[in-house]
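Here is how the chains run, residue by residue.
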Amino acid sequence: MPSDFTWNSWIGSAVAIGTAIVVAAAALALLALVANLISRRVPWVRDLARRVRNAMIVAAAVVAIWIAASVTEPAEQSWWPSVSRIFLIATILTGSWLLAASVSFGFERLIDREEAVLVGPEARRRRTQLLVIHRLVLVTIAVLALGTVLFTFPEMRAVGTSLLASAGIVSIIAGLAAQSILGNLIAGVQVAFTDAIKVGDVVVIQGEWGRVGEINLSYVVIYVWDERRLVVPCSYFTTTPIETWTRKSDKILGTVYLDLDWRVPMD
């Protein structure tokens, strides 16, 4: 390293960023090694590490570059506050990605464990509830991340204060404008937790016979017997009678009509 080397220079910044990336990579490699050792006793740790690996790599790289740049030459520049805010937003988004990946892995393990223990309608009921809770948690993470990103801007804080001051009027307008959307979201939660329908149930809707394939927060997808897909708003299931064949049992009874010649032997 040259004798006139200083960290408060562009060369020093490049060296600091490179060093930070190497340290971050070493930390990730150490975590991977620890995960492999733990997975010998707890096998699911390896699957968790594989699921969150990409998010951890991106998050570690962003934080490492941000820290290295904030203590070297870029921090002395007039444009650094704007770039620093970009790094802050990137950190929030990658952290939310990491959290969402971990939550998804946890819910998938819960669903697999429930399906291994329970069978029939009870298994479908628990699976439906876990799927809806999973989607609610992911939506909550996304909303919180977006709100945190917006409030990193001072202008948005002022807007937020103004909105809070007129919260009564805003809530009324928003309620009227989003009545259908909120109604569907509430209906989706209601469908999942009142046991009205479950994923895998056989139902007849508007003359269409099929199975409940997906229950989302605002709509339900029916897998029709002829490979078509019927997308129905969740509010439909809370306001309209439906025909379900597998509410309490997987046994399906039906009538089959055969047009035969009267001379055909009954046997």
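Each remark here, short or long, concerns the structure printed above.
No experiment lies behind these values; they were computed from the predicted model shown. (Residues numbered from 1 in each chain as written. Predicted model: local features only at pLDDT ≥ 70, side-chain atom pairs only at ≥ 80, totals over all residues. Heavy atoms only, no water.)

**Q** How should the packing of aromatic side chains be read in this particular structure?
**A** Note on aromatic pairs: each is described by the distance of the centres and the angle between the planes. Under the defined criterion, the tally for this structure stands at four aromatic pairs. Between Trp-80 and Phe-87, the aromatic rings sit 6.3 Å apart at their centres with planes inclined by 40 degrees, giving tilted as the arrangement. Phe-87 shares its class with Trp-80; the two are buried. Across from the ring centre of Tyr-223, 3.9 Å away, lies the NZ or CZ of Arg-229, which sits over that ring. (Phe/Tyr/Trp six-rings, centres within 6.5 Å; stacked < 30°, edge-to-face > 60°. Buried < 20%, exposed > 50% of the residue type's maximum accessible area, 1.4 Å probe, protein only. Lys NZ or Arg CZ within 6 Å of the ring centre and 35° of its normal.)

**Q** Would you take a moment to explain the sheet that holds strand 5 (residues 243-244) for this structure?
**A** By way of backbone hydrogen bonds, the strands of a sheet pair with one another, either parallel or antiparallel. With antiparallel pairing, the five strands of this open sheet are ordered in space as 4-3-2-1-5. With one partner strand each, in any of the chains shown, strand 4 (229-233) and strand 5 form the two edges of the open sheet. Note: strand 1 (residues 202-205) against strand 2 (residues 208-215), four bridges, orientation antiparallel. Bridged to Val-202 within strand 2 is Arg-211. (Pairing = 2+ DSSP bridges. Helix = DSSP H or I, 4+ residues; strand = E, 2+ residues; numbered from the N terminus.)

**Q** Just checking my understanding: could you explain the nonpolar core for this structure?
**A** Generally speaking, soluble globular proteins have nonpolar side chains that are buried together. Within the largest apolar cluster, 23 residues are counted, with the highest numbers of intra-cluster contacts made by Ile-197, Val-212, Ile-215, Val-220, Ile-222 and Phe-237. Mapped by element, the contributors of at least two residues to this core are helix 3 (80-117), helix 4 (120-150), helix 7 (179-193), strand 1, strand 2, strand 3 (219-224) and helix 8 (234-239). Broken down by element, this core gets its largest block of residues, four residues, from helix 4. When neighbours within four sequence positions are excluded, Ile-215 is seen to be in contact with Thr-128, Val-132, Arg-135, Ile-197, Lys-198, Val-199 and Val-220. Ala-16, Ala-24, Ala-64 and Ala-68 belong to the second-largest nonpolar core, a separate cluster that totals five residues. (Core = buried A, V, L, I, M, F, W, Y, C linked by side-chain atoms within 4.5 Å. Contact = heavy atoms within 4.5 Å.)

**Q** What should I look at first to understand the layout of surface pockets in this one?
**A** Over the atoms a probe the size of a water molecule is rolled, and this reveals where empty space is left. Approximately 360 Å³ is the volume found for the largest pocket. If you go around the largest pocket, you meet 16 residues; those closest to its centre are Leu-31, Ala-32, Ala-35, Ala-49 and Met-56. Mapped onto the lining of the largest pocket, the elements with two or more residues apiece are helix 1 (10-39) and helix 2 (44-70). Top contributing element to the lining of the largest pocket by residue count: helix 2, with nine residues. (1 Å grid on protein atoms, 1.4 Å probe; cavity = no way out; pocket = protein on both sides within 12 Å on 5 of 7 lines; lining within 4 Å. Points joined across faces, edges and corners; volume = space filled by probe spheres on them.)

**Q** Hey, could you run me through the pattern of salt bridges in this one?
**A** Summed over all chains, the structure comprises six salt bridges. With its nearest N and O atoms 2.6 Å apart, the salt bridge here joins Glu-108 to Arg-51. You can see Glu-108 sitting in helix 3 and its partner Arg-51 sitting in helix 2, a full 57 residues away along the chain. Accessibility expressed as a relative area gives 34% for Glu-108, which makes it partly exposed. Arg-51 gets classed as partly exposed once you look at its relative accessible area, which sits at 34%. Residues Arg-228 and Glu-208 are paired through a salt bridge, measuring 2.8 Å at the closest nitrogen-oxygen approach. Here the residue Arg-228 occupies a position in the loop between strand 3 and strand 4, and Glu-208 occupies one in strand 2, the gap between them amounting to 20 residues. Three or more residues are tied together by salt bridges with common partners; here these are Glu-208, Asp-226 and Arg-228. (Salt bridge = Lys/Arg side-chain N within 4 Å of Asp/Glu carboxyl O.)

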